[in-house]
Every structure is written in structure tokens, then in C-alpha cells.
Amino acid sequence: MSNVFCIGNGTSRKNFNLEKIRPYGKIFGCNAIYRTFTPDVLVSVDHGIMHEIYHSGYCKKNETWFRDWTKCPDFMYDSLVHAGLSKIDIDEINKWHVKNENKRSDEKEFVMHGANLSGLITILNKDKSKFQKNINSNQLVISWVRDTDKTHDLKEIMVNQQGSAIDHGWSAGPTSGYIAIKLFSPKKVYLIGHDLYSNNDKVNNMYAGTKHYTIPEHSPTPCVNWIEQWKTLFTWEPKIQFIKVNEFNDDRDTTNMAINEWHGKPNIRYINFQQLDKELGL
């Protein structure tokens, strides 16, 4: 595999047709991209959107990589989720809709993230008003899962320098780059929609204002971790060429400029969408 495309959700790609690059390499996407486009591989590291993806049925047919996707046998459900609560307490806590769970049929395993109901009921008893304020955060998310799904845990592929399984704790974008390299050993990794910065005082994300995302008026997400994580990957993989695809690539604003922290790295270069078309022969 010569090329892989790592797709971020920055607004620079909003008018770019992702389907046209499908014949030219494997496409890796992040988080809510699955709502509007099906990449070859989907990566998500935040619990809320991970379970949204699973509950949608997407993982039945499509390869996904999740953080802390630990499957537990069904006999552990009561001890982990209900944690000794009485039926009366369980019925009461369920009225507050803090548990987001897909419908179970004959699944024998589940994945759980968040506080258990014992902790939630304690919060309710001690400070009811505070609990009501946070009620919409879905503090407990559960997915009943099948062996036949196409989910993977990051620790199946991520290792440290000694070769031991580890989750580096990276964001979804750089994590997708790591997985792409491990799976396909590409010569080139194209970064599309990884804007990193915002060119105004608002968050730069195509899915801002939707479930599991902040409001569009929110201030930009700090990009220091994204920049450092990609830089680490450049260092670890000096034989691979990384190409950041910008909308204009002329330093007109922060989303189109070269990244200062990447200066001096010989395996990173910048092009715009027109130059990408030319490279791929489109």
C-alpha cells in the first residue's frame, strides 16, 4: 500500500469529495465522520462517541479501533453496573436517564465506560440539584457486543519501545496515523482535514454542535497535543513521507501555514487540494 489518507474533521475539508481518493489508498477516519462517510478504518478514543458508533450498528461491517474497549462477560453486569443496588434504587436511578445502553438480544459480553450506578445514586442522595444539572451527560455508557463485530482495542496494535502493549493516550487523529502505518506500511501518509488551528475565535470542527461535540461558538480546541503527537510519529517513522493537505497552503491564516514545531522534520511537507489532485492524477 503506497498511500494512506488520514482524515480529520477540520472544516477545510467540507467541500472536498472524499470518495474520489478511495481508489488511491486506504482511508482512515475519526469519530463522527462515520455519520456521513464510511472510511476503510474508523478510529475513536472518546467514550461517548465510541458507544454512539457501536450503537448505530456501524461496527457490524466496518473496521473500528477504540480506546479501552474491554469486553466483560455478561455475568459481571450486575456487579459492575448495579454494584449492589436494590431494585428500587435501580428503578429510581433509571428515571434520570444517566445510563445509555443499547438493546440486548443474545449477546454474551458488554463494554462499559463511566461511573457505576452506585456512584451515581450517591451523588443523587447527597446533592440532588447538582445531579439534576448534569443529568444529560450520560455518565454511564454500555454496549452489548458480539464476537463477530469488527472492533479492536488500541492495545492490540500499540506498543512501547520494548514491544509491550500500551495505549499511548493520543488523540484520534495521530492514533489513526499510527494504526495506518502499522497495518499497511505506506510510503506516504496524507493528512486531510487536520487543520490543527482555527482561523477564527471558534472551534474548528465539522460536527460542532452535534452530539458529543461542543457548541460552534466555543473557543478553539488547543492543538498542542495534536502537534506533538504527529511530530512524534514523524520522528518514529523517518522513512515515511507525511503530507499535510491545506485548503490554500499560502500562509494566509493559521490553518494554512506551516507548523513551527514541525520545522526541521525532513519527512513532512505541505500541499493544497489542487496539488493533491495533481499528485494522484485526478
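Conventions adopted
Residues numbered from 1 in each chain as written. Predicted model: local features only at pLDDT ≥ 70, side-chain atom pairs only at ≥ 80, totals over all residues. Heavy atoms only, no water. Helix = DSSP H or I, 4+ residues; strand = E, 2+ residues; numbered from the N terminus. Buried < 20%, exposed > 50% of the residue type's maximum accessible area, 1.4 Å probe, protein only. Polar contact = N/O pair within 3.5 Å; in protein donor to acceptor, adjacent residues only side chain to side chain. Contact = heavy atoms within 4.5 Å. Expected span 1.5 Å × (residues − 1). Salt bridge = Lys/Arg side-chain N within 4 Å of Asp/Glu carboxyl O.

Peer 1: Looking at this structure, I do not really get the side chain of D167. What am I missing?
Peer 2: On the secondary structure map, D167 appears in the loop between β9 (151-153) and α6 (172-184). Under the relative-accessibility criterion, D167 is labelled buried at 18%. Looking at D167, its side chain comes within polar contact range of the side chain of R67, at 2.7 Å. Looking at D167, its side chain comes within polar contact range of the main-chain nitrogen of G169, at 2.8 Å.

Peer 1: Explanation requested: the environment of D277 in the structure shown.
Peer 2: Following the sequence through the fold, D277 ends up in helix α8 (residues 273-280). Residues D277 and K20, 257 residues apart in the sequence, show an inter-C-alpha distance of 9.4 Å. Non-local contacts of D277, meaning those with residues more than four positions away in its chain, are made with F16, K20 and L282.

Peer 1: Looking at this structure, how should I read helix α7 (residues 224-236)?
Peer 2: Given 3.6 residues per helical turn, the α-helix brings residues three or four places apart onto the same face. The end-to-end C-alpha distance of α7 is 18 Å, a good match for the 18 Å that 13 residues give at a rise of 1.5 Å each. Within the span of α7, buried status applies to I227, Q229, W230, L233 and F234. In the core, the buried residues of α7 are packed alongside β1 (3-7), α6, β10 (188-192), β11 (241-246) and β12 (268-272).

Peer 1: Help me understand the pattern of salt bridges, please; the structure alone is not making it clear to me.
Peer 2: Charged atoms that come close allow side chains of opposite charge to pair. With the rule as written, the count across this model stands at twelve salt bridges. Across the pair D167 and R67 runs a salt bridge, and its minimum N-O distance is 2.7 Å. Placement of D167 in the loop between β9 and α6 and of R67 in the loop between β4 (63-66) and β5 (72-73) is noted, with a sequence separation of 100 residues between them. What you see here is one network of salt bridges that share partners, running through E19, R22 and D40.

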